[in-house]
Each structure stands twice: as C-alpha cells, then as structure tokens.
Amino acid sequence: MKSALNQAELSLVAQATFNKTANIGFKHAQENLGYMDKTILDVPKPDASKGPAAIAMSAGPSLHRRRTIERIRDSAFKGVIVAADGALGHCLRNGVVPDYVVTVDPHPYWIIRWFGDPDLRSRPEDDYFRRQDLDPALNSREQERNDELIELVNAHGPKIKVIIATCVAPNVTRRCLQAGMSLYWWNPICDDYDDPAGHTRRLYDMTKMPCMVTGGNCGASAWIFAKAILERDPVAMVGMDLGYAPGTPLQKTQYYHELIKFYPVDRLEQAYIAMYNPHLNETWFTDPTYYWYRQCFLDVVRQSGWTAQNCTEGGTLFGDGIECVPLDRFITEHGGVQPTATQC
Amino acid sequence: MAKLIGNYKISGQPDERETESTVKKEDTVGDFERKAMARLGGSIAFVMKGKNVVWNGAPPKDGADKS
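The rules we used
- Residues numbered from 1 in each chain as written.
- Chains lettered and ligands numbered in written order.
- Predicted model: local features only at pLDDT ≥ 70, side-chain atom pairs only at ≥ 80, totals over all residues.
- Heavy atoms only, no water.
- Helix = DSSP H or I, 4+ residues; strand = E, 2+ residues; numbered from the N terminus.
- Buried < 20%, exposed > 50% of the residue type's maximum accessible area, 1.4 Å probe, protein only.
- Contact = heavy atoms within 4.5 Å.
- Areas by Shrake-Rupley, 256 points an atom, 1.4 Å probe, with all protein chains shown as cover.
- Lys, Arg positive; Asp, Glu negative; His and termini not counted.
- Charge placed at Lys NZ, Arg CZ, Asp CG, Glu CD.
- Core = buried A, V, L, I, M, F, W, Y, C linked by side-chain atoms within 4.5 Å.
- Buried area = accessible area lost by both parts, 1.4 Å probe.
- Salt bridge = Lys/Arg side-chain N within 4 Å of Asp/Glu carboxyl O.
- Polar contact = N/O pair within 3.5 Å; in protein donor to acceptor, adjacent residues only side chain to side chain.
- Phe/Tyr/Trp six-rings, centres within 6.5 Å; stacked < 30°, edge-to-face > 60°.
- Lys NZ or Arg CZ within 6 Å of the ring centre and 35° of its normal.
- Axes fitted to C-alpha atoms, helices over the stretch in contact; angles between N-to-C directions.
- Parallel < 35°, antiparallel > 145°, perpendicular 65-115°, else oblique.
- Left-handed = near helix turned anticlockwise from the far one by under 90°.
- Nonpolar A, V, L, I, M, F, W, Y, C, P; charged D, E, K, R; others polar.
- Expected span 1.5 Å × (residues − 1).

**A closer look at the overall build of chain A**
Thought 1: For chain A, the count of helices and strands is 12 helices and 11 strands.
Thought 2: Across the 344 residues that make up chain A, the buried fraction comes to 60%.
Thought 3: A fraction of 66% describes how many contacts in chain A between residues 6 or more apart in sequence connect residues 24 or more apart.
Thought 4: Just so you have it, chain A exposes about 12,800 Å², and 49% of that area is on carbon and sulfur atoms.
Thought 5: Side-chain charges in chain A split into 35 positive and 41 negative, and the spacing between the mean points of these groups amounts to 3 Å.

In structure tokens form, the structure reads like this:
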C-alpha cells in the first residue's frame, strides 16, 4: 500500500466526483422543484434544554465496532443528533431517533435504501448493500431488512427533520414525504458560486435554495450543518472512519469493484493507502475516495478555523483542527448521564 | 547474479529503470491508476471559498459579478 495520494491524484478524484454527480444532480433538482418549500435557513433552532453540543453521525464501521449508538442511547445524551442518511437505520433499530437526517448523494436508487425502499424488488441487481460496511444489517436478508426499515422510518419519520439537498433522487424526496418527515432544502456548493456560468450558480438560480459546503460526503455535510446552521458547539463526529479497520478484506471495501476493473489482481493493494493512527496506535487503510474525503474535511476545518471533536475511536481522520476525544468523555462533558463502564 | 527489483542497484546490474520494457510498465501503472481514479468519484463535489460555508445569493464583495 502507498502512504499518501499526491495532489494530481486528489484532483482526479475531485474531478471524477464532479463528473459523476453534477449533471444528474441538476436533473434531480429540476424534478424536485415542486417539492421545495422550506430551506435549511428555516430550520427551527434546537430547544435550549438540549444544550449547545451536538453529535454528527456518519455511518462508518466504528459505529458497530465501538457500539457507538448503543452508548449514546445508554448515556441519555441530551444534545442534538444529526445523522447521515446511511446511519439512520442503525439508529432507529437501536432506539435512537436523530433530530435531523442529512442526505446529499444524487445516486438514483441506492440512497433511498437508507430510508427503506418500497420499490426494492424492481431495482437493478447489484451487491452494493451486501458488501458495504456502513449498515451491516443490510448485508443479508435484504428484502426482509428493507421491510423492517420501512416500518421503522414510517413510525419515527414525523419526528425527524430531513436536511435534503436539491440534487437527491426524487424517489428519496417522495419516500421522506411518505414517511411524514419534514424537508429542509439546500444546494450543494460544487464549484465557484461567483461564476455566473458555474454549476452552483445555475442550481441557485433555478431553485433559490441556500447553498452549503458539503465536505464531499454526507457525514461531513452533517457536521457542517450542525456547526453552520444549527450553530452547535462543540460538535462531535462519530462513525467518521473514512477508512477500513486493520484486516478488512479488500473485497469488502466500498470501491473494490471499480478498482479491480483497472488494477491487476496482484497489484491491487497498491490502490490503497495505509495510515498509522497515533491516537489508536493502529494502522488503518483507506482507498482514494475516502482519502479525498479526509483531505476535504481537513480543508474545511483549516479554512473555517473551526475545531472538530472526532469521537469515532477508529479510522483515518486526525490532524490539525481535529481533536480525537473518547466518546464517553465528550458525552460526560457536554450533556449526558454517563454509563457505568468506560469503553475507550 | 539473481535479478533484483526495487529501488536500488547492485554493482554490475543494468539499471532496469532505463530499459524500454520497464518504462512501458511504469507508464502502464500510471495509466491504469489514472483510469481507476477517474472512476472513483465520491458522493458529492466539494468546494469551499474563503471561510464561507453557506452562500445565499449574495454578489461577490468586489462587485465584479454583474449577473
């Protein structure tokens, strides 16, 4: 494995992301126009009883490895919880109802799975949800798990505010409305909004929705939303691994199917990046896309001047502007009833 | 003498990095890495301008944008 990506390699991933998401996102925004009513600037501020702290939850494997959601539940954390869409199902199955759920990826039929897909049987066949480590509950018995998730989301939907990007597939919009969720819209900032011919400006001109920095992925968007719109401080990140635990088979990594199309099998390891995490004394590894996410997030904290509390207890996200803090300590200091056992 | 590969040379061994076959091989590596990364797009594009994380239609401060 290599130890880093250079700037040219990062630029390739950034450009690939734009190419993959811009046009389809614009088309989705056109189709979503009729649903756009409230914006993220209309989101009611959390009740004062919740205090100033928040947890922004991504869906990385540490959620399961560290029993993060169970610990948040058992600690009776009183602060705001902002979840990425991929973490919603795991939250609800464990009795945690997030206050807000953020969704931003414009994929046409994967993202609705996080909300329970009423049309799962008619979707194109692929093994994405059987391989992914974001919500292992969906690795098997897909239809049965999907039906359970539909029921859970329907039961709790009216309590959840969805922070929904204009670019998401309209099936996600309709599913959220079907579940009784309230929607608050925003445009992802994808290029220079001061460029009148740019993609972001076109999105804004069409929708008139406010635009927000994404950080490249849904979990980062959740953290940015909690900081910038909800004005929470501090905001802890959990499940923000941006990488794979030591020993994870390459076949179980998110972009394996794409990498194996281009790399010879005996050189596949060269596509990955090994990263020693000094806070864990463990060497995790990541792929080019997650590495790009990591660089995006480091750029956000550096450029904003904000500090992020990373309570993931796993992964590759550390560096300037990132404080790695045990989750139990964050909850003790910022709003919860501490469980008896310390698990950090 | 056994053939060695890697980032070093042994006396009397030709520098394989200069041979045509190796140059092609290195080009190929770069090529397939480039092709792979061009397919590895993430969830959503990322751009951040200054310290601003939210933009709601305000014109640029220098007034250059007349749209």
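**Side note on the overall build of chain B**
Thought 1: Each helix and strand counted, chain B has 1 helix and 1 strand in total.
Thought 2: Looking at chain B as a whole, 28% of its 67 residues qualify as buried.
Thought 3: Here chain B has roughly 4,700 Å² of accessible surface; of this, 53% comes from carbon and sulfur atoms.

**Quick notes on the nonpolar core**
Residue and element names in this part refer to chain A.
Thought 1: Counting 93 residues, the largest nonpolar core has V82, F115, I163, M181, W223, F225 and F297 as its most contacted members.
Thought 2: When residues in this core are grouped by element, the largest group, 9 residues, is from helix 11 (residues 288–304).
Thought 3: Sequence-distant contacts of I163, that is, excluding residues within four places in its chain, are made with I40, V43, Y100, V101, V102, T103, Y184, W186 and F225.
Thought 4: If you look at the next biggest cluster of nonpolar residues, it comprises 20 residues, including A53, I55, L63 and L327.

**Concerning the interface of chain A and chain B**
Thought 1: Taken residue by residue, the interface counts 57 residues in chain A and 32 residues in chain B.
Thought 2: Approximately 4,000 Å² of surface area, both sides summed, lies buried where chain A meets chain B, with 63% of it carried by carbon and sulfur atoms.
Thought 3: Together, Y193, F262 and Q303 of chain A form the three largest contributors to the area buried by chain A at its contact with chain B, with a combined 17%.
Thought 4: There are 2 salt bridges connecting chain A and chain B.
Thought 5: As a salt-bridge pair, K49 of chain B and D194 of chain A come within 2.5 Å of each other at their nearest N and O atoms.
Thought 6: At the boundary of chain A and chain B, one finds 16 residue pairs in polar contact (both at pLDDT 80 or more).
Thought 7: At the level of elements, helix 1 (7–32), helix 8 (199–207), strand 6 (211–212), helix 9 (218–228), helix 10 (256–259) and helix 11 of chain A are the ones that each hand at least two residues to the side of chain A that touches chain B.

**Looking at the side chain of N32 of chain A**
Thought 1: Assignment of secondary structure puts N32 of chain A in helix 1.
Thought 2: For N32 of chain A, the residues in contact, after removing those within four places along its chain, are T166, V168, P170, T173 and W185 of chain A.

**A short note on the packing of aromatic side chains**
Thought 1: In the structure shown here, the tally under the stated rule is 11 aromatic pairs over all chains.
Thought 2: Their ring planes at 35 degrees and their centres at 5.7 Å tell us that Y290 of chain A and Y293 of chain A sit as a pair that is tilted. Within this pair, Y290 of chain A and its partner Y293 of chain A are both found in helix 11, separated by 3 residues, close to a single helical turn. Judged on exposure class, the residue Y290 of chain A and its partner Y293 of chain A are both buried.
Thought 3: Taken together, Y244, Y255, Y272, F285, Y290, W292 and Y293 of chain A form an aromatic cluster joined through their ring pairs.
Thought 4: The lysine or arginine in question, R202 of chain A, covers the ring of F26 of chain A, its NZ or CZ lying 4.1 Å from the ring centre.
Thought 5: Cation over ring: K49 of chain B sits above Y193 of chain A, and NZ or CZ is 5.5 Å from the ring centre.

**Here we look at helix 8 of chain A**
Thought 1: When helix 8 of chain A is considered as a whole, its buried residues turn out to be H199, T200, R201, L203, Y204 and T207 of chain A.
Thought 2: The secondary structure elements touched by the buried residues of helix 8 of chain A are helix 1, strand 5 (182–188) and strand 6 of chain A together with strand 1 (54–55) of chain B.
Thought 3: Following helix 8 of chain A by one or two positions, K208 of chain A adopts a phi angle in the positive range, close to 60 degrees.

**What about the packing of helix 3 (residues 68–75) of chain A against helix 12 (residues 327–334) of chain A?**
Residue and element names in this part refer to chain A.
Thought 1: Interaxial distance between helix 3 and helix 12 falls to 11 Å at its minimum, and their mutual angle equals 25 degrees. As judged from the angle between their axes, helix 3 and helix 12 are roughly parallel. Considering the relative orientation of helix 3 and helix 12, their crossing is right-handed. Of the residues in helix 12, those in contact with T68, R71, I72 and S75 of helix 3 are L327, D328 and I331.
Thought 2: Its residues assigned to classes, the contact of helix 3 with helix 12 shows 3 nonpolar, 2 polar and 2 charged.

**Some details on helix 11 of chain A**
Residue and element names in this part refer to chain A.
Thought 1: Spanning 17 residues, helix 11 covers 24 Å between terminal C-alpha atoms, matching the ideal 24 Å at 1.5 Å per step.
Thought 2: Of all 17 residues in helix 11, 13 are buried, a share of seventy percent or more.
Thought 3: Positive backbone phi, at 80 degrees, marks G305, one or two positions downstream of helix 11.

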